[in-house]
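Geometric and topological summary
Letter by letter, the chains look like this.
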Amino acid sequence: MPATVVLTFRNLFKNVRTPMLVIASVAQPLVWLVMFSQTFSRLADTPLLRDLGYRSYLAFLLPGMMVLAVLFTALQSGLAMVSDIDSGMLDKLRVSPINRLSILLGRVLADAVTMLAQGAVVLVAGTLMGARVETGWLGTFGMLASVTLLGVAWASLANLIALRSGNAELTMVAGIFLALPALFLSSAFLPLRFQPDWVQTVARVNPASYVIGVGQALMSIGNDWGQDARMLAVLAIAALVLMPATVGAFRAATR
Amino acid sequence: MQPITARAPARAIEVKDLVKAYPGGKTALNGISFAVDRGEIFGFLGPNGSGKTTTVRILVTLLRATSGAARVSGFDVGRMASRVRESIGYTAQATGVDDDLTVHEHLVLQALLHGLSPSREQQRRIGELIDAFSLSDVANERASRLSGGLRRRLDVAQAMVHRPPVLFLDEPTIGLDPQSRGALWDHLRRASRDGTAIFLTTQYLEEADRACDRVAIIDGGRLVKEGTPAALKEEVGEGRLRLTLANGADPARAAQALAACPEVVGIEPGDPLVAYVRSVRPSIAPVIRRLDEVDIRVAGVETEQATLDDVFLRYTGRAPRTEAPAANSVSSLFAAAHGRRRR
């Protein structure tokens, strides 16, 4: 069995063993989903929103909450890395006859599986509350895939911070500090055109904003290939910047 | 170092002129050389910060040496690190145990990481290790529920799953109760009889004395002494006489008198006066007689067998850490600091 697969299972096992962590990272977006869709319903569920093509405020809010779920899992990925460094587990893996990059790959793959599951849970919850994916199964798959891609890129960032700092508190604080602007400086809660110019400008360099935008389109309006291509390009740029940096940090930490 | 040919199997560990200097200018290893054979238990003794762990981490490919050569199973640890990793088992000082996995899962994980298929033979091996390290009661418990001693045993069992020809154990018995410690030594001795070379570091001299075939004493990044425990002890003499002098006697003068005594190989001045002797019982009478000749009366004599503590003290000028705070080494440290012994 390739080491990457072995380590993916090991990391997933850990998630199953501490289900509270996974549940908490799903519960949070669910609570937000209920709160915001109810408290904002009068304010946001308006003809103005429907004129833009969105079916309901709930449908509009759902993709942002899927992103919120994976951002927290990405943060946990960084924390798990710190814990492996502290417990001596990383050293143990380093003296095993395996390709060292499989340690990182095994983590990313386990993250991706967890994120797919979380995205699905939030989506199902939204559906039970009455939202519907207008673009059907393909749209559903597209949403889950793009949310997971963003999550993996974000996990790469969390691991970068974890490997460079080796510090759980710092990884945690940085993760939360970065997650909230990623969510609020996007169309997650309100269409961008209702927001100030500077938010619109920042959203243009925020990868999460692109993923949320595509999700909102897939929920209500329909697929837009141009929008999809822009999102993939932004995610590719993020990956090109983050992955070499994270691999570099990993190599430096395991030299 | 002997040339390594295909015909002559390489020694398990060969280290030559190993140096590790850190960027800040601190030198952790100052050119150490030694070799360990198959089936040998080699103990690396030294105080904290002497370079023990640095040596282990270089040998298990976690750290790069600044200069010098080190081979494990004949493979250079720098250039052929992956071959080295295939042939070693390693436990670090901080146990590398994953709180969320069970004891059994740890052993399976380790086997899989070494490319061993989950065959029936492999399962039997894991079952054997669980029994041998008395882990059967907790085989399906998560590591987070294990006591320190159990974690340590799991860690060593993990290092042996793939039957490595060379085993590196960094302070394997720290935190173990005497019973688990005995069981661990039994298992290590059995492995060494099967040809496994075992390199371990310890601060417990008494333990190295009993269990190691050979020991090396490291201090300040240098090997100060190497040999079998028996040979090392012989150098400091077979034992000691602890002489309590009668009131009014001058310890310095007594020490001077004993220096001329052929039975005495070393003196630690003070009161009581400690004389290191070649053989304990036969030297009692000559020593007392010699002091009598210079009009020094001896009020009491205690005899002690030499331990590696004495060797350690002799070559490093420091007492090692021992298990019981009241043990000899601590009192000798106290003596060095205060000029008298606490009894």
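Residues numbered from 1 in each chain as written. Chains lettered and ligands numbered in written order. Predicted model: local features only at pLDDT ≥ 70, side-chain atom pairs only at ≥ 80, totals over all residues. Heavy atoms only, no water.

All names here are of chain B. Strand order in the open sheet made by the four strands is 2-1-4-5, with antiparallel pairing throughout. Strands at the two margins of the open sheet, each flanked by one partner only, are strand 2 (27-36) and strand 5 (75-76). Across two bridges, the pairing between strand 4 (residues 67-72) and strand 5 is antiparallel. Its bridge partner lying in strand 5, Val72 is registered against Phe75. Lying over the sheet, helix 1 (residues 52-59) contacts strand 1 (13-21), strand 2 and strand 4, oriented at roughly 65 degrees with respect to strand 2. (Pairing = 2+ DSSP bridges. Helix = DSSP H or I, 4+ residues; strand = E, 2+ residues; numbered from the N terminus. Contact = heavy atoms within 4.5 Å. Axes fitted to C-alpha atoms, helices over the stretch in contact; angles between N-to-C directions.)

This brings us to the confidence of the model for chain A. Model confidence for chain A is summarised by a mean pLDDT of 92, while 100% of its residues fall at 70 or above. No element of chain A has a lower mean pLDDT than helix 3 (residues 41-44) of chain A, which averages 74, and none a higher one than helix 8 (residues 136-165) of chain A, which averages 96. (pLDDT = per-residue confidence, 0-100.)

Attention now goes to the confidence of the model for chain B. Residues and elements named next belong to chain B. In this model, chain B carries an average pLDDT of 83, and 89% of its residues clear a pLDDT of 70 or more. Note that pLDDT drops below 50 for residues 1-7; the model gives that stretch eight contacts with residues more than four away or on any other chain. Under a pLDDT of 50 for its full length, residues 321-343 has, in the predicted model, 41 contacts with residues more than four places off or in other chains. For this predicted complex, the interface confidence score (ipTM) comes to 0.86, while the overall pTM stands at 0.81.

What follows deals with the interface of chain A and chain B. On the chain B side, the residues contacting the 21 residues of chain A number 25 residues. Here chain A meets chain B over a buried area of about 2200 Å², counting both sides, of which 58% is carbon and sulfur. Of all residues in chain A, the largest losses of buried area upon contact with chain B belong to A:Arg17, A:Lys92 and A:Val95, amounting jointly to 31% of the total for that side. Between the two partners, chain A and chain B, sit six salt bridges. For A:Lys92, the salt bridge identified is with B:Asp155, shortest N-O distance 2.4 Å. Applying the counting rule to chain A against chain B returns 10 residue pairs in polar contact (both at pLDDT 80 or more). For the side of chain A that touches chain B, the elements supplying multiple residues, two or more each, are helix 1 (3-17) and helix 6 (89-94) of chain A. (Buried area = accessible area lost by both parts, 1.4 Å probe. Salt bridge = Lys/Arg side-chain N within 4 Å of Asp/Glu carboxyl O. Polar contact = N/O pair within 3.5 Å; in protein donor to acceptor, adjacent residues only side chain to side chain.)

Here we come to the domain arrangement of chain B. All names here are of chain B. Looking at chain B, the domain boundaries give domain 1 (13-227) and domain 2 (232-316). For domain 1 versus domain 2, the distance between C-alpha centres works out to 39 Å. Counting residues at the interface gives 13 residues for domain 1 and 10 residues for domain 2. The contact between domain 1 and domain 2 buries some 980 Å² in all, and 77% of this surface belongs to carbon and sulfur atoms. There are zero salt bridges connecting domain 1 and domain 2. Mapped by element, the contributors of at least two residues to the side of domain 1 that touches domain 2 are helix 7 (205-211), strand 9 (214-219) and strand 10 (222-227). Per element, the largest residue contribution to the side of domain 1 that touches domain 2 is four residues, and it comes from strand 10. (Domains from an automatic or database assignment.)

Here we take up unusual backbone geometry. Residues and elements named next belong to chain B. We note that Asp17 has phi near 50 degrees; this positive angle belongs to a residue other than glycine. Along the chain, Asp17 falls in strand 1. Take Asp17: its relative accessible area is 42%, and that puts it in the partly exposed class. Even without glycine at this site, Arg163 takes up a positive phi of about 45 degrees. Here Arg163 is to be found in the loop between helix 5 (148-160) and strand 7 (166-170). Look at Arg163 and you get partly exposed, because its relative accessible area is 47%. (Buried < 20%, exposed > 50% of the residue type's maximum accessible area, 1.4 Å probe, protein only.)

Moving on to the side chain of A:Asn11. Residues and elements named next belong to chain A. Checked against the element boundaries, Asn11 lands in helix 1. Here Asn11 falls in the buried class, since its relative accessible area comes to 7%. Other than its neighbours up to four places away in sequence, Asn11 contacts Gly106, Arg107 and Ala110.

What follows deals with the sheet that holds strand 11 (residues 239-245) of chain B. Residues and elements named next belong to chain B. Spatially, 12-13-11-14 is the arrangement adopted by the four strands of the open sheet, whose pairing is antiparallel. The open sheet has two edge strands, strand 12 (264-268) and strand 14 (298-305), and neither has a second partner. Between one strand axis and the next, the sheet turns by 25 degrees as a mean value, whatever way the strands run. Relative to strand 13 (residues 273-277), strand 11 runs antiparallel, the two sharing five bridges. Its bridge partner lying in strand 13, Arg242 is registered against Val274. Packed onto the sheet, helix 9 (residues 251-259) meets strand 11, strand 12 and strand 13 and runs at close to 10 degrees relative to strand 13.

Before going further, it helps to examine the packing of aromatic side chains. Residue and element names in this part refer to chain B. Scanning the entire structure with this criterion turns up 14 aromatic pairs over all chains. Each ring, one from Phe34 and one from Phe42, has its centre 5.2 Å from the other, and the planes form 10 degrees; the classification is stacked. Relative accessible area serves as the criterion here: at 5%, Phe34 is assigned to the buried category. Linked through ring pairs, Phe34, Phe42, Phe44, Phe168 and Phe199 together constitute an aromatic cluster. (Phe/Tyr/Trp six-rings, centres within 6.5 Å; stacked < 30°, edge-to-face > 60°.)

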